[in-house]
Amino acid sequence: MQSLWNEQEAGKCENELELRVYSSRLLGGDPSLVLHGGGNTSVKIKEKNVVNQEEEILYIKGSGWDLATIKAEGFAPVRLQPMIQLAALDALTDPQMVNELKTQLTRANAPAPSVETILHAVLPFRYVDHTHADAVVTITNTTDGQKRIQDIYKDKVVVIPYVMPGFDLARDVARLFAEQAGPQTIGMILMHHGVFSFADSAQESYERMIQLVDMAERYLAAHNAWEIELTDEEKKIQVNRVEIAKLRKAISVKVGRPMLVHRTQSVRGQCFVQRDDVEKISQQGPVTPDHVIRTKAVPLLGRDVDSYAQQYCKYFNRYEPTAKERKTMLDPAPRVILDQELGLCCVGESAKQAAIVRDIYEHTMECIVRAEQLGGWQTLPLEDLFNIEYWDLEQAKLAKTEASPVFAGEVVLITGAASGIGKASVDSFLRRGAAVVGLDIDECIATVSSEPGFLGIPCDLTDKEQVQTALDQAVSCFGGLDMLVLNAGIFSASAAIADLSLKTWQQVMAINLDANLVLLRECYPLLQHAPNKGRVVVIGSKNVPAPGPGAGAYSASKAALTQLMRIAALEWGKDGIRINALHPNAVFDTGIWTDEILKARAEHYGLSVQQYKTNNVLGVEVRSNQVAELASEMCGTLFDATTAAQVPIDGGNERVV
Ligand code: ZN
């Protein structure tokens, strides 16, 4: 581990708080030190208050901020002296502590100070840095971890046996630090939890952290516990899509709402799962207690969600009576799955959440394997993990200020998603919280959105193999399918029946009709396992109710597709799957309609471009985002009792009315 301190960058900092931001980000940027909101940092600064009195203020990381991206306003300013006085108390309840932290803030709109504020206050150094460094927690989670830590660091650190974070830890640290710290002390090791470093300058405190972690890494290397053997090849196991969808449904039922299941395809995960001792090493606990709120204490081994949930209920019923106040059980579903065939899978309400779980568990596996190579992985007992999992101050980290979006945890597949109505639909569904799989023959589909919940797959829908591969990828990435928007279609050049070649006819049918039959057929078993029941929207055309001369192939294909939709509604109603069609007309804000073409068509009808665009009963322009919004709404609860409907979105067409 090397220091990333950069004199030039640090030189740009104009005050100590800016330096604190700079070095916090250095720590936060290294996932082997902290992950997703883990760790915390502080700086003590003397300031004049509004009545010109000097006060010492502890700037401590605010709850909800991530060290990797923290800014000055992410630090909560708390009066230091009252915090130090609190540490001398024998006991302080959580509500009392939260109240004290809040009432000693000097900025009304500051974030909630970290639950480790009092601990930071009692350490007599200007800068204090705290991480959950992999190498350190690995060693502390071994059978003889404390002895090893003492061997490595000698008088450089004060070793703190595990105590639940919060006031009790701060009080113990205050006592142990006073008793044991000497001139050599540069840090503290918290068993089963993490590491602190401190100094009076930002650089020294940061570099002491790097030094302490580096010593742990070298120790692991010297004890043949650094290098991990991975088989080079990822095992390409083909897993039945429906099997994955069933697993996702079982999990969603236990959670009580739809969840995504992301198959990580991690080589490390695959190797970990294949180990003979996977049960023993995976069923203990996380590397540091606060991961428990993201990953639960242990992963599901295999796919038996019911028995995992039963075990979870047992765990809750066993430890809940020991809690100080009564607790309500969280959902009993796993967040990490280790399966012989599927490898490492991660569960989340969004792709972002599943990715957080993946990052944490990737590091967890690395730590476990190294600890095993060092002599034996051993985590905290379940009772301690329970206390963290059900600690209000930990759960507060997950508390959301807003309700989940309507399609949170759900997956939609949209065809023809690189442009026009398809692309607009990608945005509409992403905005509603769905994970979106976009298919398009245009390669640019891969980059249509940079949201973590978007997967763009180039795919020729007339190629059955490509469709199968795309569906495999979609299910691997998100766990199943809840909604389907059949949008892809082509409009061939105008041709009267007398001149319509069979080739043109078949080309149009292949995309507008045959491909949709294949998709409906292949997606049906997935939609059957949608936790909130499957929904399909077919993008039809005004040409279905009001065909135009010269558009024989197109009109016939969309009419046949509409008929197929009606039959699917009849066949799938028993599964609760709803399927409806939209019939848009004259949607011109798509790639096909360039200014030149628009002008030419308008002239053809003797209209101005604006007249041509708004040539309908309402005299309005119909835009692709309006069609997309309606398609999304049709998958929502407003249309819960509607199937086989055909809804025009055309500004009113005299021939349809
Ligand atoms: Zn910590």
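Our subject in this report is the structure included herewith. (Residues numbered from 1 in each chain as written. Predicted model: local features only at pLDDT ≥ 70, side-chain atom pairs only at ≥ 80, totals over all residues. Heavy atoms only, no water.)

**Describing the packing of aromatic side chains**
A ring pair, where both rings are aromatic, is described by two values, the distance of the centres and the angle of the planes. Counted only if it meets this: Between the rings of Phe, Tyr and Trp (Trp by its six-membered ring), a pair exists once the centres lie within 6.5 Å; its type follows the angle of the planes, with under 30 degrees stacked, over 60 edge-to-face, and the other angles tilted. Think of it this way: any DSSP run of H or I at least four residues long counts as a helix, any run of E at least two long counts as a strand, and we number them from the N terminus. Each residue is assigned to one of three classes by its accessible area relative to the maximum for its type, calculated with a 1.4 Å probe on protein chains only: buried under 20%, partly exposed between the two thresholds, exposed over 50%. Remark: a charge is flagged as sitting over a ring if the NZ atom of Lys or the CZ atom of Arg is within 6 Å of the ring centre and within 35 degrees of the ring normal.
Under the criterion given, the structure shown has 20 aromatic pairs. Ring plane angle 55 degrees and centroid distance 5.3 Å describe the contact between tyrosine 312 and tyrosine 315, whose orientation is recorded as tilted. Of this pair, tyrosine 312 and tyrosine 315 are both found in helix H14 (residues 305-319), three residues apart, which corresponds to roughly one turn of the helix. When its relative accessible area of 5% is taken as the criterion, tyrosine 312 is described as buried. Given a relative accessible area of 9%, tyrosine 315 falls into the buried group. Taking the centre distance of 5.6 Å and the plane angle of 20 degrees together, the rings of phenylalanine 407 and phenylalanine 429 count as stacked. Within this pair, whereas phenylalanine 407 is found in the loop between helix H17 (392-398) and strand E12 (411-415), its partner phenylalanine 429 is found in helix H18 (residues 420-431), the two being separated by 22 residues in sequence. Take phenylalanine 429: its relative accessible area is 0%, and that puts it in the buried class. Residue placement shows lysine 296 over the ring face of tyrosine 312; its charged tip is 4.6 Å from the ring centre.

**Observations concerning the sheet that holds strand E16 (residues 535-539)**
Definition in use: In this scheme, strands are said to pair when DSSP sees at least two bridges between them. Fitted lines through C-alpha atoms give the axes, limited to the stretch in contact for helices. The angle between two N-to-C directions lies from 0 to 180 degrees.
Overall, parallel pairing links the seven strands, which are arranged E14-E13-E12-E15-E16-E17-E18 in an open sheet. One side of each edge strand has no neighbouring strand; the edge strands of this open sheet are strand E14 (454-458) and strand E18 (646-649). In this sheet, adjacent strand axes meet at a mean angle of 15 degrees when their direction is disregarded. Where strand E15 (residues 483-486) and E16 come together, four bridges link them in parallel fashion.

**Quick look at the nonpolar core**
Rules: Buried Ala, Val, Leu, Ile, Met, Phe, Trp, Tyr and Cys residues that are joined via side-chain atoms within 4.5 Å together make up what is termed a nonpolar core. Whether two residues touch is decided by their heavy atoms; if any such pair falls within 4.5 Å, the residues are in contact.
Residues Ile118, Leu123, Met188, Ile251, Phe478 and Val536 are the most contacted members of the largest nonpolar core, which totals 109 residues. The element best represented in this core is helix H20 (residues 502-527), accounting for 10 residues. Those residues within four positions of valine 536 in sequence are excluded, and the remaining contacts are Leu484, Leu486, Leu520, Leu527, Trp572, Ile577, Arg578, Ile579 and Asn580. Counting 40 residues, the second largest nonpolar core, distinct from the first, contains Trp5, Ala10, Val21 and Tyr22.

**Some points on the side chain of glutamate 410**
Secondary-structure assignment places glutamate 410 in the loop between H17 and E12. When near neighbours in sequence (up to four residues on either side) are disregarded, glutamate 410 contacts Arg248, Pro258, Leu260, Ala434, Ala435, Asp482, Met483, Asn532 and Arg535.

**Considerations on the coordination of the zinc ion**
Operational definition: In this listing, donors mean N, O and S atoms no farther than 2.8 Å from the metal, or 3.2 Å for Na, K and Ca; water is missing from the atoms, so a site can look incomplete.
Around the zinc ion, the protein supplies His130 (NE2), His132 (NE2) and His193 (NE2) as donor atoms, at distances of 2.1 to 2.2 Å. Spacing between the donor residues of the zinc ion along their common chain follows H-x1-H-x60-H. Both residues of the pair, histidine 130 and histidine 132, count as buried.

**Some points on the pattern of salt bridges**
Operational definition: In the sections that follow, a salt bridge refers to a side-chain nitrogen of Lys or Arg positioned within 4 Å of a carboxyl oxygen of Asp or Glu.
What the rule picks out here adds up to 39 salt bridges. A salt bridge links glutamate 372 to lysine 280; its shortest N-O distance comes to 3.6 Å. Of the two residues, glutamate 372 is situated in helix H15 (residues 351-374) and lysine 280 in helix H12 (residues 278-282); the sequence distance between them amounts to 92 residues. Note on glutamate 372: relative accessible area 18%, which makes it buried. Here glutamate 633 ties to arginine 432 by a salt bridge, and the two come within 2.8 Å at their closest N and O atoms. In this pair, glutamate 633 sits in helix H24 (residues 624-634) while arginine 432 sits in the loop between H18 and strand E13 (435-440), placing the two residues 201 residues apart along the sequence.

**A word on the packing of helix H19 (residues 464-478) against H20**
Rules: Orientation categories follow fixed angle ranges, with anything under 35 degrees roughly parallel, anything over 145 roughly antiparallel, 65 to 115 roughly perpendicular, and all other angles oblique. Crossings are classed by handedness, with left-handed meaning an anticlockwise turn of the near helix from the far one by less than a right angle and right-handed meaning a clockwise turn. Each residue gets one label: Ala, Val, Leu, Ile, Met, Phe, Trp, Tyr, Cys and Pro are nonpolar, Asp, Glu, Lys and Arg are charged, and the others, such as Gly, are polar.
Where H19 meets H20, the axes come as close as 11 Å, and the angle between the chain directions of the two elements is 25 degrees. The angle between H19 and H20 falls in the class roughly parallel. The crossing of H19 and H20 is right-handed. Every residue of H20 that contacts H19 at Lys464, Val467, Gln468, Leu471 and Val475 is listed here: Val518, Leu519, Glu522, Cys523 and Leu526. Class assignment of the residues belonging to the contact of H19 with H20 gives a composition of seven nonpolar, one polar and two charged.

**Concerning the pairing of strand E6 (residues 187-190)**
Basically, it comes down to this: Classification remark: right-handed applies to a crossover when, strands pointing away from the viewer, the course from the first strand over the helix to the second runs clockwise.
Side chains of E6 alternate between two faces, with Gly187 and Ile189 and Met188 and Leu190 buried alike. For strand E5 (residues 157-160) and E6, the ladder comprises four bridges, and the chain directions are parallel. Bridge pairing links valine 157 to glycine 187 in E6. Traced from E5 through helix H8 (residues 167-180) to E6, the parallel crossover comes out right-handed. The loop that links E6 with its antiparallel partner strand E7 (residues 194-199) comprises three residues; one of these, histidine 192, has a positive phi angle of about 60 degrees.

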